[in-house]
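Observations on the three-dimensional arrangement
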Amino acid sequence: MTSTILVTGGTGTLGRRVTPLLLDAGFKVRLLSRSSHQSGDGIEYVTGDLLKGEGVDAAVDGAEIVLHLAGGPKGDDVATRNLAEAAARAGVRHLVYISVIGADRVPLAWLKSKLDAEKAIAESGVPWTTLRAAQFNELTFTMVEKMAKLPVTPAPGGLRLQPVDSRDVAARLVELVQGEPAGLVPDLAGPKVYGMVELVQGVLAAQGKRNRPKLPVRIPGKAGKAYRAGDNLTLDAPKGAHTWESFLADRQN
Ligand SMILES: NC(=O)c1ccc[n+]([C@@H]2O[C@H](COP(=O)([O-])OP(=O)(O)OC[C@H]3O[C@@H](n4cnc5c(N)ncnc54)[C@H](OP(=O)(O)O)[C@@H]3O)[C@@H](O)[C@H]2O)c1
């Protein structure tokens, strides 16, 4: 029998990668969005707002699996709790969540909100799986491209990133939704660790521009200490296949 999967965040960067893979895997896909969309091409759209708790019970009704990818700058804890409670009421059999590497280690408000969201999933009573991923290439690029426009390149000492391709994250999530609930699974990061200057220089090179002078900066506070300790990295887990360099090359084509 075909399983119905509710995908939250299906209209986002990651969700747009995941949805075609779910259709290929034979799922009946329902996407929740705050705006209305025309259903079609095998996708049923439902409207709702996880943060306001609107339309959530109707969205989960009849779904066997929920893949929760919706997220924003604030409120992921509240939004996730609303979804997890609705999933429990509806008897969902597997709740799968995407979180961020370092949610349990880097003391920043948005990461605390991701950690609280993880707890809401784990305490929901619904069998669950959570994958923590590194920063996606797309978001890394948005940040680094802005830095590449500056006359000098900020060089935050000790800050390293391990950008992962959203295609690799999407493929892993599709494996996870097809498996049994597994709790917190090994992190997924990109294949290589980069300093910020290296990332900026990669973008400048792809744009055919020369490197800029470096300006050493220090990230203050406990978060700075955590970043310098590499608490946002995962060095010993399976890695995504696509590199940052191949992502940059694809953007040029
Ligand atoms: N980007 C990264 O580098 C990264 C790294 C690791 C983990 N993650 C996690 O991966 C997830 C997806 O990230 P992304 O970059 O693909 O996000 P994105 O492109 O910013 O998309 C956000 C998605 O969340 C939905 N959404 C936001 N607020 C909502 C609400 N109140 N109710 C219902 N839906 C809501 C949006 O849907 P509508 O606008 O259609 O309503 C949209 O589909 C997030 O949980 C994020 O924390 C991201």
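What this report covers is the structure whose coordinates are included nearby. (Residues numbered from 1 in each chain as written. Predicted model: local features only at pLDDT ≥ 70, side-chain atom pairs only at ≥ 80, totals over all residues.)

**Structural notes on the overall build of the chain**
A tally of regular secondary structure across the chain gives 9 helices and 11 strands. At 19 Å, the chain has a C-alpha radius of gyration in line with the 18 Å of a compact globule built from 253 residues. The principal-axis extents of the C-alpha atoms in the chain amount to approximately 55 × 40 × 30 Å. Residues counted as buried form 40% of the 253 residues belonging to the chain. (Helix = DSSP H or I, 4+ residues; strand = E, 2+ residues; numbered from the N terminus. Rg over C-alpha atoms; globule rule 2.2 N^0.38 Å. Buried ≥ 20, exposed ≤ 12 C-beta atoms within 10 Å, placed from the backbone.)

**Some words on helix α6 (residues 166-178)**
Helix length check: α6, at 13 residues, gives a terminal C-alpha distance of 18 Å against a target of 18 Å (1.5 Å per residue), a fit within 8%. Taken together, the buried positions of α6 are occupied by S166, D168, V169, A170, L173, V174, L176 and V177. Of the surrounding elements, those touching the buried residues of α6 are β1 (4-8), α1 (13-24), β4 (65-68), β5 (94-100), β6 (128-133) and α5 (137-148). (Expected span 1.5 Å × (residues − 1). Contact = placed C-beta atoms within 7 Å.)

**A closer look at the site of the ligand**
Around the ligand, a shell composed of 25 residues is seen, among which G12, L14, S33, R34 and G71 lie nearest. For the shell around the ligand, the elements supplying multiple residues, two or more each, are α1, β2 (28-33) and β5. It is α1 that provides the largest number of residues to the shell around the ligand, a total of 3 residues. (Near = placed C-beta within 6 Å.)

**Let's talk about the environment of V106**
Topologically, V106 is positioned in the loop between β5 and α4 (109-122). Considered as a pair, V106 and A226 are 120 residues apart in the sequence and their alpha carbons are 5.6 Å apart. Excluding residues that lie within four positions of it along the chain, V106 makes contacts with L111, A223, A226, Y227, D231 and N232.

**So, the packing of α1 against α6**
For the pair α1 and α6, the least separation of the axes is 9 Å and the interaxial angle reads 45°. The orientation of α1 relative to α6 falls into the category oblique. Relative to α6, the crossing made by α1 is right-handed. Along the contact surface, α1 presents T13, L14, R17, V18, L21 and L22, while α6 presents S166, R167, V169, A170, A171, L173 and V174. The residue makeup of the contact of α1 with α6, split by class, is 9 nonpolar, 2 polar and 2 charged. (Axes fitted to C-alpha atoms, helices over the stretch in contact; angles between N-to-C directions. Parallel < 35°, antiparallel > 145°, perpendicular 65-115°, else oblique. Left-handed = near helix turned anticlockwise from the far one by under 90°. Nonpolar A, V, L, I, M, F, W, Y, C, P; charged D, E, K, R; others polar.)

**Here's the deal with the environment of D49**
Of note, D49 is situated in the loop between β3 (43-47) and α2 (56-60). Once the C-alpha coordinates of D49 and M147 are considered, the two residues, 98 residues apart in sequence, prove to be 33 Å apart.

**A short note on the nonpolar core**
Counting residues in hydrophobic clusters, the biggest one holds 55 residues, and the most contacted among them are I5, V60, V66, L67, A87, L95 and L173. Filtering out sequence-adjacent residues up to four positions away, V66 remains in contact with L6, V60, L83, A87, V92 and L95. Counting 8 residues, the second largest nonpolar core, distinct from the first, contains V144, A148, L199 and V203. (Core = buried A, V, L, I, M, F, W, Y, C linked by C-beta atoms within 7 Å.)

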